[in-house]
Amino acid sequence: MTDDFPKGLTHEEAAARRLADGPNELATDQRRTFVNLMLEVIREPMFLLLLGAGAIYLAMGDQHEAMILLGFVVIIMLITVIQERRTENALDALRDLSSPRAMVIRSGVPERIAGRDVVRDDILILTEGDRVPADGVVLEAHELAADESLLTGESEAVSKFSGSYEVYAGSMIVRGQGLVRVTAIGSKTELGRIGKSLQDIEVESSPLREEIIALTRRLAIIGVTACLMLMVLYWVLRDGWLQGVLSGITLAMGILPQELPVIMIVFFAFGARRLAVRQVLTRHLNAIETLGETTVLCVDKTGTLTQNRMAVAALSVAGNVLEMEHVDAEALPEAYHELLEYAVLASEIDPHDPMELAFHRSAIKHLAHTEHLHPDWELAREYEISPELLAMSHLWRNSISEHDVVAAKGAPEAISDLCHLTEAETGRVMQQAEELAGRGLRVIGIAKAKYASQRVWPEIQHDFDFEFIGLVALADPLRPEVPASIAECHRAGIRVVMITGDYPTTARAIAAKAGLDSKQVLTGYDLAGMDIAGLRKVIASVNVFARVTPQQKLDIVEALKANGEVVAMTGDGVNDAPALKASHIGIAMGKRGTDVAREAASLVLLQDDFGSIVSAIRLGRRIFGNLRQALIYTFAVHVPIIGLSILPLLFGVPLILAPIHIAFLELVIDPACSIVFEAENGSSKLMMQPPRSKKEPLVSSGHILMSMVQGTLITIVAALFYWWHLSRGEAVEIASALAFVVLVSGNAVLVLSSRSMQAGWGAMFENIPKVGLSVLVVTIAGLVVVTSVPAIASAFTFRTPSLFQWLVAFLVGAGLLILFELVKKVFGKLYAGK
C-alpha cells in the first residue's frame, strides 16, 4: 500500500453527504421506546380483559374490589414494561456491529471517527482486526482478506484485491491492509438489505398465549351468562331481587377469569428472570413457553455448532498423515517440526486470521521446547496472494546466516506449482489433499526456499527455488458442549437440523462429530431445483443442508412450519436474521452475532453457550408443566365458589359467600399460588419426553374433570358443615365463618396435592419451595385474622367462633387432602408420566 494517501473528502463535503444521506446506521425499525412498550402492553387482550373486569366491578358498585383489581393490573403492567425495557437496554449494550469506529481520510489527513459518521465516497483505511463500517470498493490492497461469515456463513476468509473487489459492512478484516472508497452506507449496504427484508415477515404468535386468550374469553362469557341466569332464577323462585343480585355478583366474581392472565404473566416474567441468570436474554416473553413445544431446532454451523476458531487437525509429510488430536505438547515427531515451523513463518507475526492463529497456537504448544521458533528473525519482504496464484510468501532475514529464508503457504495446487512438481508428484499431493478435504478439513500447502542475502529480491514468488514440505489440515472445532446438548435434544424428542453456507463435505463431517444424522446432505443447488411440495417432502428426513443461501434458509424454516413443526432457529450472522424472525423461536448468539440477528430473535444467548439453549428448552417445559398444575388448581378452587353461590338458592338457606369473601380468596390465594407453582422445579423426566403436540391443549377435558371433582369435594364438605351448624341453631354469621374456614383450609391443602399429577405423600411434601411454605403460612394467618378478630370479622359479615369450633373446621378442611389424593389415584392411569 502506498504512503501517498488520497485526499478524500473535505469536512464540508462529508457534512453535506451526511445531511443528505443520514447517519450510517441500520434502520431495522426494531428498537422500541418506553412509550411503544407501554402501548404494546395496554393493547394486550389479557390486560384489556383485566381492565374490563375491573370496570364491571366498578359499574356494579363494588369500588373496593374494583380498586384492588385495577391496582393489581397497574402493578403487573409496570413489571412487564420494566422487564421489556431492561431487555431493550441490554440490547443497546450489544450494538457494536452496525456502527464500529472507522479510520477515514478527510482533507488528506487520516482520522478516526464514529462508524455512524462515515459517508459515501469516504476513503477508509482498513487494517487487521477492523470491522468494516460500510460497503466499498478496494482501491489498494496488501494481502487483504476479510471474514464474511456473518454475511455468507462461510468460515474461510475471502481475499480482496484492488480494482473490482468489494468489502462489505459488518465483515472483519483478518489479514493485511487496504484502502477502500465507500459506495453504500446504512440500510443501502448488503447488511442493510438483509435487515430490511425482516420487515416483511410476520412474527409468529405463541400457541399457549392464544389458548389462554381463548379460554379467558370463553370463561368470561360463561361467567356473565351464569350471573344473569342466577339473578333471574333468584328473583323468580325466591322473590328477592336484592339477594339475587348479590348472589349473581358473587357467582360472576367466582367465574370471571381475571387470575388466568395474571398467572401466565407471572410465570413468564419469572421465567425470563431465571433465563437471565443463565445468560439468556428474553426479548419476547411468549418465546419461553414455545421453547417447551419445540420439535425442530435449526442451527447454523459456523459460530453456533463450531467455535469459529480454527485448529490444526492433521499434518501430512511425504504422504504420511499425523492426526493432531491426541499428540502431546512435546510428542510431535521430528519429521513434522519443519512443516509447522514454516506454516508459522508464512503467517503474520501478530495474526487475526483464524487459520494463522491456529498455526501460532500449535507451534507454541509443540515447538516451544525446540529450535524451530525464531523470535529474532526479521520479516524483510511479503509476497501477497493474487487471483493468478493462490499462495503467499514471507522472506525472513537472519543476521548470522548468508541466506534468507522464504516460507510459502497456499492452496495445495498453487504450492505444487510454486515447487515445480512433476505431474505424478502433483497428483499424489492433490490426492492426499482431497482425502483430507473429504473429512471436512481445510487443507493448506507449505513450501520453503533459501535465497542469498546479497542478491536482489525477485518480484514474483515463482523466481524462488521452492521445496515442497507438506500439507496442514485445519478444522473449525465443535463447541465442547454441542454433542451432549444435541444428544439431550434427541432424548427429548427434538430433531436438530444443521443449515450452513459451508461446503457439503465440511458440513457432513461437522454434523457427524456433533451427533447428527449426516447420511444425506442436500445443497443449495439441490434445493434450487425443488418446488414447495418437493421441499416439504425431503425436509422431513434430511438433517444437514449445505451451501444454502439466506433465502433458502428462510424457505427451509417455512417448509418445516408448513409440515406442522414448531421451529426454533439459532444463528449469529446477518444471513440468519430472516429465518430467525420467521421461526417460532429465534435464538441469536449475542456475543458474536450481529445487531440484525439479535433484533430478529426472541432469545439472545449472551455467552454463546449452545448448552444454554437446552437449558432454555428445559425451562420452557418446566413452565408449561407448572402452569398446567396452577390452572388445574385454579379451576378447582373456583368450583366451590360457584357451588356455594348456587346452593342457597336451591335449598333456601342464607347466602354463604359475599363479594368480599371472593376478593379474599382471589387476591390472597390465587395470585400467591401462581408464584408457588412457578417456583416448582418440575419433573426429573422433563427432557425424556417428546414435545407437547400443538394440538394438545394446556388443560384437557380430563384435567378439568379432575378439577371439578376436587372442587366439588370442597363444595360438599363446606356446604354440609354450614348446613349442620345452622340445623343446630348456630347463628348464620358463625356458620358462615366456619364454612369459610373449611373452604380456605381445603384450598390451602389442595396446593400441596396439586404440586404434581403423581399421587403419594412423597410427591406432595418433597422439596417444597420456601416461597410455597411462606404463602401457606400467610394464607392461614390471614384466615385467622378475618375469622377471629371481631372488628375485621364483622366487615366480612362473620362472628368469631370458639377456638374449638375453629380448630374442628380447620381439621375438616385439611382432611380433604386424603380425598384429593384418592382422586389423583383414580386419574393416575390417565396421566401416567405427565
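Note that this is a predicted model, so its numbers are computed, not measured.

## With respect to the overall build of the protein chain
Reasoning step 1: The secondary structure content of the protein chain amounts to 30 helices and 22 strands.
Reasoning step 2: Relative to its 834 residues, the protein chain shows a buried fraction of 56%.
Reasoning step 3: Residue pairs in contact within the protein chain that sit at least 24 positions apart in sequence constitute 74% of those at least 6 positions apart.
Reasoning step 4: If you sum the accessible surface of the protein chain, you get close to 34,800 Å²; carbon and sulfur atoms cover 59% of it.

## Section: a nonpolar patch on the surface
Reasoning step 1: Where nonpolar side chains cluster on the molecular surface, the patch consists of I716, L720, W723 and W724 and spans about 450 Å² of accessible area.
Reasoning step 2: Using a relative accessible area of 52% as the deciding quantity, one classes W723 as exposed.

## What to know about the packing of helix 26 (residues 732-753) against helix 28 (residues 770-788)
Any two packed helices are characterised by the angle at which their axes cross and by the distance between the axes.
Reasoning step 1: Put simply, helix 26 and helix 28 touch, their axes get as near as 11 Å, and they point 180° apart. Between helix 26 and helix 28, the interaxial angle falls into the category roughly antiparallel. In contact with A737, F740, V741, V744, S745, A748, V751 and L752 of helix 26, helix 28 contributes L776, T779, I780, L783, V786 and T787.
Reasoning step 2: Class assignment of the residues belonging to the contact of helix 26 with helix 28 gives a composition of 11 nonpolar, 3 polar and no charged.

## Describing the packing of aromatic side chains
Reasoning step 1: Taken as a whole, this structure holds 7 aromatic pairs when the rule is applied.
Reasoning step 2: With 5.4 Å between their ring centres and 45° between their planes, F740 and F798 make a pair best called tilted. Taken as a pair, F740 in helix 26 and F798 in the loop between helix 29 (790-795) and helix 30 (803-828) lie far apart in primary sequence, 58 residues in all.
Reasoning step 3: Under the relative-accessibility criterion, F740 is labelled buried at 1%.
Reasoning step 4: By relative accessible area, which is 4% here, F798 ends up buried.

## Topic: the environment of A343
Reasoning step 1: Along the chain, A343 turns up in helix 12 (residues 337-345).
Reasoning step 2: The spatial distance from the C-alpha of A343 to the C-alpha of A363 is 8.9 Å, given a sequence separation of 20 residues.
Reasoning step 3: Contacts of A343, omitting those with residues within four sequence positions, involve F359 and I446.

## Some words on the sheet that holds strand 12 (residues 378-383)
Reasoning step 1: In spatial order, the strands read 11-10-16-15-14-13-12; together these 7 strands make up an open sheet with antiparallel pairing. Of all strands in the sheet, those bounded by a partner on one side alone are strand 11 (320-323) and strand 12. With strand direction ignored, the average angle separating the axes of adjacent strands in the sheet is 25°.
Reasoning step 2: As paired elements, strand 13 (residues 391-397) and strand 14 (residues 403-410) share 6 bridges and run antiparallel to each other. The residue bridging S393 from the neighbouring strand is A408, located in strand 14.
Reasoning step 3: The strands that helix 13 (residues 354-367) touches are strand 10 (311-317), strand 13, strand 14, strand 15 (442-452) and strand 16 (467-475); relative to strand 10, the one it contacts most, it runs at about 75°.
Reasoning step 4: Contacting strand 10, strand 11, strand 15 and strand 16, helix 15 (residues 423-437) crosses the sheet at an angle of about 10° to strand 16.

## Things to note about helix 12
Reasoning step 1: Counted residue by residue, helix 12 has 8 buried out of 9 residues, so it is predominantly covered.
Reasoning step 2: Within helix 12, the full set of buried residues consists of H337, L339, L340, E341, Y342, A343, V344 and L345.
Reasoning step 3: As for helix 12, its buried residues are in contact with strand 10, helix 13, strand 13, strand 14, strand 15 and strand 16.

## Regarding the sheet that holds strand 18 (residues 521-523)
Reasoning step 1: If you walk across this open sheet you meet the 8 strands as 8-22-21-20-9-17-19-18, and the pairing is mixed. If you trace the sheet from one side to the other, it starts and ends with strand 8 (280-282) and strand 18, each paired once. Ignoring strand direction, the axes of neighbouring strands in this sheet form an average angle of 20°.
Reasoning step 2: The pairing of strand 9 (residues 296-299) with strand 20 (residues 567-571) spans 3 bridges and is parallel. Note on strand 20: the bridge partner recorded for V296 is V567.

## Description of the pairing of strand 3 (residues 123-127)
Reasoning step 1: In terms of burial, strand 3 is a largely internal element, 4 of the 5 residues being buried.
Reasoning step 2: In the sheet, strand 1 (residues 101-106) pairs with strand 3 via 2 bridges, with the strands oriented antiparallel. Note on strand 3: the bridge partner recorded for V104 is L124.
Reasoning step 3: Two elements, strand 3 and strand 7 (residues 172-184), share 5 bridges in a ladder whose sense is antiparallel. The partner of I125 across the bridge, within strand 7, is L179.

## Details of the nonpolar core
Reasoning step 1: Counting residues in each nonpolar core, the largest one holds 99 residues, and the members touching the most others are L297, M498, I587 and F740.
Reasoning step 2: Examining the composition of this core, we find that 16 residues originate from one element, helix 23 (residues 611-651), more than from any other.
Reasoning step 3: Filtering out sequence-adjacent residues up to four positions away, L297 remains in contact with C489, I494, R495, V496, V497, A568, T570, I587, F610 and I613.

## Concerning unusual backbone geometry
Reasoning step 1: You will see that S107, though not glycine, has its phi angle at about 55°, which is positive.
Reasoning step 2: A relative accessible area of 39% places S107 in the partly exposed class.
Reasoning step 3: Despite not being glycine, A318 shows a phi value in the positive range, around 55°.
Reasoning step 4: Its place among the elements puts A318 in the loop between strand 10 and strand 11.
Reasoning step 5: Here A318 falls in the exposed class, since its relative accessible area comes to 73%.

## A short note on the environment of L373
Reasoning step 1: Looking at the secondary structure, you find L373 in the loop between helix 13 and strand 12.
Reasoning step 2: In the structure, L373 is positioned 28 residues away from L345 in sequence and 8.8 Å away in space, judged by C-alpha atoms.
Reasoning step 3: Sequence-distant contacts of L373, defined by excluding residues within four places in its chain, comprise A363, L367 and A368.

## Topic: the pattern of salt bridges
Reasoning step 1: On inspection of all chains with the given rule, the structure shows 16 salt bridges.
Reasoning step 2: Residues K824 and E821 are paired through a salt bridge, measuring 3.2 Å at the closest nitrogen-oxygen approach. Highlighted residues: K824 and E821, both in helix 30, separated by 3 residues, approximately one helical turn. Like K824, the residue E821 is buried in the burial classification.
Reasoning step 3: Bridged by salt links that share partners, the residues R17, D121 and R181 form one connected network.

## Quick look at the confidence of the model for the protein chain
Reasoning step 1: Averaged over all residues, the pLDDT of the protein chain is 80; the fraction at 70 or higher stands at 79%.
Reasoning step 2: Of all the helices and strands in the protein chain, helix 3 (residues 45-59) carries the lowest mean pLDDT, 57, while helix 12 carries the highest, 94.
Reasoning step 3: Every residue in residues 93-99 is under pLDDT 50, and counting partners more than four places away or in other chains gives 22 contacts.

## Examining the environment of N626
Reasoning step 1: Within the secondary structure layout, N626 lies in helix 23.
Reasoning step 2: Note on N626: relative accessible area 6%, which makes it buried.
Reasoning step 3: Considering only alpha carbons, one finds N626 and S683, 57 residues apart in sequence, at a separation of 9.5 Å.
Reasoning step 4: Beyond its immediate chain neighbours, meaning those up to four positions away, N626 contacts F267, F677, E678, E680 and G682.

## Some remarks on helix 20 (residues 550-562)
Reasoning step 1: Between its terminal C-alpha atoms helix 20 stretches 19 Å, which fits the 18 Å expected from 13 residues at 1.5 Å a residue.
Reasoning step 2: The set of residues buried in helix 20 consists of Q552, K553, L554, I556, V557, A559, L560 and K561.
Reasoning step 3: Of the residues flanking the end of helix 20, it is G564, one or two places downstream, whose phi is positive at about 90°.

About the cut-offs
Residues numbered from 1 in each chain as written. Predicted model: local features only at pLDDT ≥ 70, side-chain atom pairs only at ≥ 80, totals over all residues. Heavy atoms only, no water. Helix = DSSP H or I, 4+ residues; strand = E, 2+ residues; numbered from the N terminus. Buried < 20%, exposed > 50% of the residue type's maximum accessible area, 1.4 Å probe, protein only. Contact = heavy atoms within 4.5 Å. Areas by Shrake-Rupley, 256 points an atom, 1.4 Å probe, with all protein chains shown as cover. Patch = residues over 30% accessible without salt bridge, like charges linked within 9 Å, V, L, I, M, F, W, Y side chains within 5 Å. Salt bridge = Lys/Arg side-chain N within 4 Å of Asp/Glu carboxyl O. Axes fitted to C-alpha atoms, helices over the stretch in contact; angles between N-to-C directions. Parallel < 35°, antiparallel > 145°, perpendicular 65-115°, else oblique. Nonpolar A, V, L, I, M, F, W, Y, C, P; charged D, E, K, R; others polar. Phe/Tyr/Trp six-rings, centres within 6.5 Å; stacked < 30°, edge-to-face > 60°. Pairing = 2+ DSSP bridges. Core = buried A, V, L, I, M, F, W, Y, C linked by side-chain atoms within 4.5 Å. pLDDT = per-residue confidence, 0-100. Expected span 1.5 Å × (residues − 1).

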